[in-house]
Amino acid sequence: MNMDVLVSLSKRRGFVFQSSEIYGGTGSVWDYGPLGVELKNNIKRIWWRDFVQARPDMVGIDASILMNPMVWKASGHLDHFTDPMVDCRECKYRFRADHVDAMPWVHYCPATKGNKFTIPAGEPCGHCGQRRTLCPNCGKGELTAPRQFNLMFKTFMGPVEEDAAVTYLRPETAQAMFVNFDNVLQSMRLKLPFGIAQAGRSFRNEITPGNFIFRTREFEQMEIEFFVNPNARVDGRPADEYWHDRWIEDCMAWFQRYGLSAENLRLREHERDELAHYAKRTVDIEYRFPIGWSELMGIANRTDFDLKQHAKWSGKSLTYFDEERKEHVVPFVVEPAAGVDRALLAFMADAYREEEVRGEKRVVLKFHPELAPIKVAVLPLLKKRDDIVAAAHAIRADLARHWRVVYDDTAAIGRLYRRQDEVGTPYCVTVDVQTVGDSERGEAGDSRVTIRDRDSMEQARVPIAELGAVFRELLDGAPWRQMSARYPAPPAKASGPSGER
Ligand code: GAP
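One numbering rule holds for all chains: residues counted from 1, following each sequence as written. Note on the predicted model: pLDDT of at least 70 is required for a residue's local features to be given, and 80 or more for side-chain atom pairs to be given and counted; whole-chain, interface and lining totals, by contrast, use all residues. Calculation of side-chain values draws on the structure's entire complement of heavy atoms; hydrogens and water are dropped beforehand.

Asks: I'd like a rundown of the sheet that holds strand S8 (residues 147-150), residues and numbers included.
Replies: Two strands pair under a simple rule: DSSP has to find at least two bridges between them. Secondary structure elements are defined from DSSP: runs of H or I of at least 4 residues count as helices, runs of E of at least 2 residues count as strands, and each element is numbered from the N terminus. Reading across the sheet, the three strands line up as S5-S4-S8 and stay open at both edges, with antiparallel pairing between neighbours. The open sheet is flanked by strand S5 (94-96) and S8, the only strands paired with a single partner. The sheet shows a mean angle of 50° between the axes of neighbouring strands, direction not considered. Where strand S4 (residues 82-87) lies against S8, four bridges are found, and the strand directions are antiparallel. By the bridge assignment, Pro84 is partnered in S8 with Gln148. Angles shown run from 0 to 180 degrees and are taken between the N-to-C directions of axes, each axis being a line fitted to C-alpha atoms and, for helices, limited to the stretch in contact.

The following block contains the structure:
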């Protein structure tokens, strides 16, 4: 699958827009539209529910983006949070030195009178056999030697732009969990092992951002710092190593539960020389994105590095007293750190299908119902019949007390179904003449509506009074087959209001 397909669908259907597009856009920041914000909120909501609310050993915080600049000195970000950067002496374009060889490159080929070619990353020119030595962007300039570039955005706190007022936009949410460790421990009377979670914005002045929402300068993270006693053992293993593996398994299972296919996920162990300055071991969960296998999230064993650093620089003790073992310890921390935007991109890519239905292409996002931005669309079969329209509006209003439910009457029913398929709406409700009857002919309605299932495109005929209960079951994971067996669509209506099957 091609990234352009997702970019175009995202714009056309209100998932993601380029930021400040009418002014030509802003470098690698994106805006989430009406459906994108629902999808993103759903991801954060289920993450919080499954990893914070449902667990007895987890609590959450919501910290400020602006922190005391000493935080970044202590954490090592001021000194180490850098990428090697090279510039082109000709076009002035800047690159991450370690990304240059992974880019397609512009080449003026001497064997073809200097014709310009764009050559795939890492490959030599097919005509002259040369490999890239110059700038991949303009094909003319020499690249400078690499120099370290700090990725933190600098800003000023207060009205005076002076050195003493310099502060930074946080490049990760994690540090707030470390600097609040004692506040949370004391206020919540927690016992090890326990975790602190936070979802929120982070900012990195990436040198070569790109690939849509995969690498951006402003993004959201969902991070957990899970503290353990380094002297404790679980199942005969050091607690930090045991919990590291547990979190890797739990995170892998979580992504699969909400729709990522096992064959598109893999684990990648960091080599010794690529480990971050704080990590004893890091494992990435990689996803097969449209750009190839890349990091979806990282799960690091950060040891006691951060708590010790903050204790050293703040002068405050950040230890834990283990009552049973009668010992003071600086906890080790296991950190499952996920990107919301990358998770959203992965869920979209995995859900995207192109199918053929009766000779026509159907584009469908097969989102897990918990993720789907719209849960139900209510569609009147005849928009000229006031009684049908009124019944459809009433059903929408009733269901919308619990879920995101929309009403649409702007096209014929087959088209409306396709539109909902394309944004991943798991169920449509159709109100028709049979529902409301025909008062002029003295025919009473049956007060039932047709529910159409996105994935099978099958239909069921359900009493309006039972819709709430039916959707509660379906959206809670009840299989469609169970519902269509309980409420079979009558044979005359077997092909449904749209004639679809
Ligand atoms: N506290 C550890 C930490 O921040 P990280 O691997 O740098 O670790 C965690 O970031 C996750 O945040 C990544 O796996 C990725 O999903 C997301 N992320 C990091 N940088 C990003 C960027 N520039 N754009 C979008 N997502 C990003």
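Asks: Break down the layout of surface pockets for me, citing the residues and quoting the values.
Replies: Its volume calculated, the second largest pocket comes out at about 260 Å³. If you list the elements that add at least two residues to the lining of the second largest pocket, you get strand S13 (233-234), helix H7 (239-257) and strand S18 (320-322). For the lining of the second largest pocket, the residue count by class is eight nonpolar, one polar and six charged. Any residue with an atom within 4 Å of a point lines the site, the site being either a cavity, points on a 1 Å grid over the protein atoms alone where a 1.4 Å probe fits but cannot get out, or a pocket, an open set with protein on both sides within 12 Å along at least 5 of 7 lines. Grid points are joined across faces, edges and corners, and a volume is the space filled by probe spheres set on the points. Residues are grouped as follows: nonpolar covers Ala, Val, Leu, Ile, Met, Phe, Trp, Tyr, Cys and Pro; charged covers Asp, Glu, Lys and Arg; every other residue, Gly included, is treated as polar.

Asks: Can you tell me about the packing of aromatic side chains, naming the residues and giving the values?
Replies: Working definition: rings of Phe, Tyr and Trp (its six-membered ring) pair if their centres are within 6.5 Å, and the pair is stacked with planes under 30 degrees apart, edge-to-face with planes over 60 apart, and tilted otherwise. Evaluated as defined, the whole model comprises 22 aromatic pairs. Their ring planes at 40° and their centres at 5.8 Å tell us that Phe51 and Trp254 sit as a pair that is tilted. Of the two residues, Phe51 is situated in helix H2 (residues 34-53) and Trp254 in helix H7; the sequence distance between them amounts to 203 residues. Each member of the pair, Phe51 as well as Trp254, is classed as buried. On the numbers, 5.4 Å between centres and 65° between planes, the contact of Phe226 with Trp247 is edge-to-face. Pair noted here: Phe226 is in strand S12 (residues 218-228) and Trp247 is in helix H7, with a separation of 21 residues, a long-range link. To sort residues, take the accessible area from a 1.4 Å probe on protein chains only and compare it with the maximum for the residue type: under 20% means buried, over 50% means exposed, and anything in between is partly exposed. The buried category is assigned to Phe226, whose relative accessible area is 0%. Following the ring pairs from residue to residue traces out a cluster consisting of Trp47, Trp48, Phe51, Phe226, Tyr242, Trp243, Trp247, Trp254, Phe255, Tyr258 and Phe347. One residue, Arg342, lies across the ring of Phe214, its end atom 3.8 Å from the ring centre. Counted as over-ring charges are cases with an Arg CZ or a Lys NZ within 6 Å of the ring centre that also lie within 35 degrees of the ring normal. Seen from the ring of Tyr417, Arg452 lies directly overhead, with NZ or CZ sitting 4.4 Å from the centre.

Asks: Outline the packing of H2 against helix H9 (residues 340-351), supporting the account with residue identities and numerical values.
Replies: Direction vectors running N to C along H2 and H9 enclose 110°, while the axes themselves pass 10 Å from each other. The orientation of H2 relative to H9 falls into the category roughly perpendicular. Between H2 and H9, the contacting residues are Gly36, Leu39, Lys40, Ile43 and Lys44 on the first element and Val340, Asp341, Ala343, Leu344, Phe347 and Met348 on the second. Looking at the contact of H2 with H9, its residues break down into seven nonpolar, one polar and three charged. Any angle that falls under 35 degrees is termed roughly parallel, while one over 145 is termed roughly antiparallel, one within 65 to 115 roughly perpendicular, and all others oblique. Note on definitions: a residue-residue contact is assigned when non-hydrogen atoms from the two residues lie within 4.5 Å.

Asks: Give me the packing of H2 against H7: which residues, what numbers.
Replies: Two elements in contact, H2 and H7, have axes separated by 12 Å at closest approach and are oriented at 135°. As far as their axial angle goes, H7 and H2 are oblique. Regarding H2 and H7, the two cross each other, and that crossing is right-handed. Counting all contacts with H2, which are made through Ile43, Ile46, Trp47, Asp50 and Phe51, the residues of H7 involved are Trp247, Asp250, Trp254 and Arg257. Looking at the contact of H2 with H7 residue by residue, the class counts come to six nonpolar, no polar and three charged. Note on convention: near helix rotated counterclockwise from far helix by under a right angle means a left-handed crossing. Clockwise means right-handed.

Asks: Break down the site of the ligand for me, with residues and values.
Replies: For the ligand, the set of nearby residues contains 20 residues, the closest of which are Glu172, Arg204, Glu206, Glu223 and Glu295. Here Arg204 contributes a side-chain N or O atom positioned 2.8 Å from an oxygen atom of the ligand. In protein, a polar contact means a hydrogen-donor-capable atom and an acceptor-capable atom, both N or O and within 3.5 Å, with residues adjacent in sequence counting only if both atoms are side-chain atoms; elsewhere, any N or O pair within 3.5 Å suffices. Within the side chain of Gln221, one N or O atom sits 3.0 Å away from an oxygen atom of the ligand. In this description, accessible areas are obtained by the Shrake-Rupley approach with a 1.4 Å probe, and a residue is regarded as covered only by the protein chains that are shown. Against a free-state accessible area of 550 Å², the protein chains account for coverage of 91% of the ligand. Each residue is tested against the molecule or strand, and it is near if at least one of its non-hydrogen atoms lies within 4 Å.

Asks: Give a description of empty space enclosed by the protein that names residues and reports values.
Replies: In total, this model carries one cavity of 30 Å³ or more according to the counting rule given. In this structure, the largest cavity spans a volume of roughly 40 Å³. Trp47, Phe51, Ile224, Cys251, Trp254, Phe255, Met297, Pro336 and Ala338 together form the lining of the largest cavity. For the lining of the largest cavity, the elements supplying multiple residues, two or more each, are H2, H7 and strand S20 (332-339). With three residues, the top contributor of residues to the lining of the largest cavity is H7.

Asks: Break down unusual backbone geometry for me, with residues and values.
Replies: The residue after Leu192, namely Pro193, is reached through a cis peptide bond having omega -5°. When you line up the elements, Pro193 lands in the loop between helix H6 (181-188) and strand S11 (194-203). Unusually for a residue other than glycine, Ser20 sits at a positive phi of about 50°. One can find Ser20 in the loop between strand S1 (16-18) and strand S2 (30-32). The residue Lys92 is not glycine, and still its phi comes out positive at about 70°. On the secondary structure map, Lys92 appears in the loop between S4 and S5. Here Lys92 falls in the exposed class, since its relative accessible area comes to 57%.

Asks: Describe the pattern of salt bridges, listing the residues and the values that go with them.
Replies: Just to be clear on terms, a salt bridge is a Lys or Arg side-chain nitrogen sitting within 4 Å of an Asp or Glu carboxyl oxygen. Enumeration over the complete set of coordinates arrives at 48 salt bridges. Here Glu422 ties to Arg13 by a salt bridge, and the two come within 3.0 Å at their closest N and O atoms. Of this pair, Glu422 sits in helix H11 (residues 413-422) while Arg13 sits in the loop between helix H1 (3-12) and S1; the two residues are 409 residues apart in sequence, bridging distant segments of the chain. A salt bridge links Asp421 to Arg452, with the shortest nitrogen-to-oxygen separation between them at 2.7 Å. With Asp421 in helix H11 and Arg452 in strand S28 (residues 448-453), this residue pair connects regions lying 31 residues apart in the sequence.

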